[in-house]
Amino acid sequence: MFSAARLKLITGLAILLAALVYWGIFGSPGETVSGDPDNPDRVDFFIRDAYISVFDENGQLSRIVQSPHLQHFPAPELITLNSPLITLPRDGRGDTQISSDLGSMPDDESKIELAGNVRVIDNSAAETPWVLTTSVMTLLPPDDYAETDAPVQIQQGTNRTDAIGMQAWLKEHRIDLLSDVRGYYATY
């Protein structure tokens, strides 16, 4: 068996190890987090599994913003979104879903900048939804308007259209392609 001295030594080491693990994870007991409130990299809050419903002035649901991780930066008044999914409901006529790898928007939510694998899926009354893909896009939610200067591709069933740049009025289901437009259509 253990002698009394060995038992005291093992117990003391176990307590010391527990304290070190605690301090390593949570910091020392007297340690406070301080930071410069004007530091633009300072996050004042974050939300995991964010689900934000936005209503218009008539009380109608105008959009839903979902993100597994949302952060707010107070100095630039900016919200960043990881893997955002934005749903724009269309009064019983389906919806438009917009997703990307990253997103950011000012606190007033007047504009949403999307980057990386941007996909717009129009699930309106059409039999086959169209899917627009691009690398970056600016969405102006109050106007249901989106634009980009980057290459875009629109796929609807087996038909495809490629272009450089676009302007889209999402509620009206209207897209203006800006340049180098090429269409590939399946003939039956």
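Residues numbered from 1 in each chain as written. Predicted model: local features only at pLDDT ≥ 70, side-chain atom pairs only at ≥ 80, totals over all residues. Heavy atoms only, no water.

Trainee: How should I be thinking about the overall build of the chain in this particular structure?
Mentor: A count of helices and strands for the chain gives 1 helix and 11 strands. When burial is assessed residue by residue, the chain has 29% of its 188 residues classed as buried. Total accessible area computed for the chain in this model is approximately 12000 Å², and 55% of it derives from carbon and sulfur atoms. (Helix = DSSP H or I, 4+ residues; strand = E, 2+ residues; numbered from the N terminus. Buried < 20%, exposed > 50% of the residue type's maximum accessible area, 1.4 Å probe, protein only. Areas by Shrake-Rupley, 256 points an atom, 1.4 Å probe, with all protein chains shown as cover.)

Trainee: Explain the layout of surface pockets to me, please; I cannot follow it from the model alone.
Mentor: Gaps left between atoms show up when a probe the size of a water molecule is rolled over them. Within this model, the largest pocket holds a volume of roughly 380 Å³. Taken together, 18 residues form the lining of the largest pocket, with Asp56, Leu61, Ser62, Asp144 and Lys171 sitting closest to its centre. Among the secondary structure elements, those contributing two or more residues to the lining of the largest pocket are strand 1 (45-55), strand 2 (61-73) and strand 4 (85-89). The leading source of residues in the lining of the largest pocket is strand 2, at 3 residues. The residue makeup of the lining of the largest pocket, split by class, is 7 nonpolar, 2 polar and 9 charged. (1 Å grid on protein atoms, 1.4 Å probe; cavity = no way out; pocket = protein on both sides within 12 Å on 5 of 7 lines; lining within 4 Å. Points joined across faces, edges and corners; volume = space filled by probe spheres on them. Nonpolar A, V, L, I, M, F, W, Y, C, P; charged D, E, K, R; others polar.)

Trainee: Please explain the side chain of Ser100 as it appears in this structure.
Mentor: Take Ser100: it is sitting in the loop between strand 5 (95-99) and strand 6 (102-106). Here Leu102 takes part through its backbone oxygen, which lies 2.8 Å from a polar atom of the side chain of Ser100. Among all residues touching Ser100, those that are not within four sequence positions of it are Ser83, Pro84, Leu114, Ala115, Gly116, Asn117 and Val118. (Polar contact = N/O pair within 3.5 Å; in protein donor to acceptor, adjacent residues only side chain to side chain. Contact = heavy atoms within 4.5 Å.)

Trainee: How should I be thinking about the nonpolar core in this particular structure?
Mentor: Within soluble globular proteins, side chains that are nonpolar tend to cluster in buried spots. Core analysis: the largest hydrophobic core is formed by 24 residues, its most contacted members being Ile86, Ile98, Met137 and Leu170. Elements supplying a minimum of two residues to this core: strand 2, strand 3 (78-82), strand 4, strand 7 (112-123), strand 8 (130-140), strand 9 (145-156) and strand 10 (159-169). If near-sequence neighbours (up to four positions away) are discounted, Ile98 is found in contact with Pro84, Leu85, Ile86, Leu88, Leu114, Arg119, Val120, Met137, Leu139 and Leu170. (Core = buried A, V, L, I, M, F, W, Y, C linked by side-chain atoms within 4.5 Å.)

Trainee: Would you take a moment to explain the pattern of salt bridges for this structure?
Mentor: Note that side chains of opposite charge can pair when their charged atoms are close. Going through the model one piece at a time under the given rule, you end up with 5 salt bridges. Here the salt bridges do not stand alone but share partners, grouping Glu172, Arg174 and Asp176 into one network. (Salt bridge = Lys/Arg side-chain N within 4 Å of Asp/Glu carboxyl O.)

Trainee: I'm lost on the packing of aromatic side chains in this one. Help?
Mentor: Remark: the centre distance and the inter-plane angle together describe each pair of aromatic rings, the angle taken between the planes. With the rule as written, the count across this model stands at 1 aromatic pair. The positively charged end of Arg160 is found above the aromatic ring belonging to Tyr184, 4.4 Å away from the centroid. (Phe/Tyr/Trp six-rings, centres within 6.5 Å; stacked < 30°, edge-to-face > 60°. Lys NZ or Arg CZ within 6 Å of the ring centre and 35° of its normal.)

Trainee: Can you help me understand unusual backbone geometry in this one?
Mentor: Positive phi values are uncommon outside glycine, yet Glu77 reaches one of about 50 degrees. In this model, Asn117 sits at a positive phi of 50 degrees, which is unusual for a non-glycine residue. Take Asn117: it is sitting in strand 7. With a relative accessible area of 55%, Asn117 lands in the exposed category.

Trainee: Could you clarify how one ought to interpret the pairing of strand 6 in this entry?
Mentor: Remark: a regular strand shows side chains that alternate across the two faces of the sheet. Looking at chain direction, strand 3 and strand 6 are connected through 5 bridges and run antiparallel. Each residue of the ladder has a partner; that of Leu81, found in strand 6, is Gly103. Where strand 6 lies against strand 7, 3 bridges are found, and the strand directions are antiparallel. Each residue of the ladder has a partner; that of Leu102, found in strand 7, is Ala115. Here strand 6 folds back onto strand 7, and the loop between the two strands holds 5 residues, one of which, Glu109, carries a positive phi near 55 degrees. (Pairing = 2+ DSSP bridges.)

Trainee: What's the story with empty space enclosed by the protein in this structure? I'm lost.
Mentor: Here the structure, examined in full by the defined rule, presents 1 cavity of 30 Å³ or more. For the largest cavity, the full set of lining residues is Thr96, Asp122, Trp130, Trp169, Leu170, His173, Arg174 and Ile175. Here the lining of the largest cavity is composed, by residue class, of 4 nonpolar, 2 polar and 2 charged.

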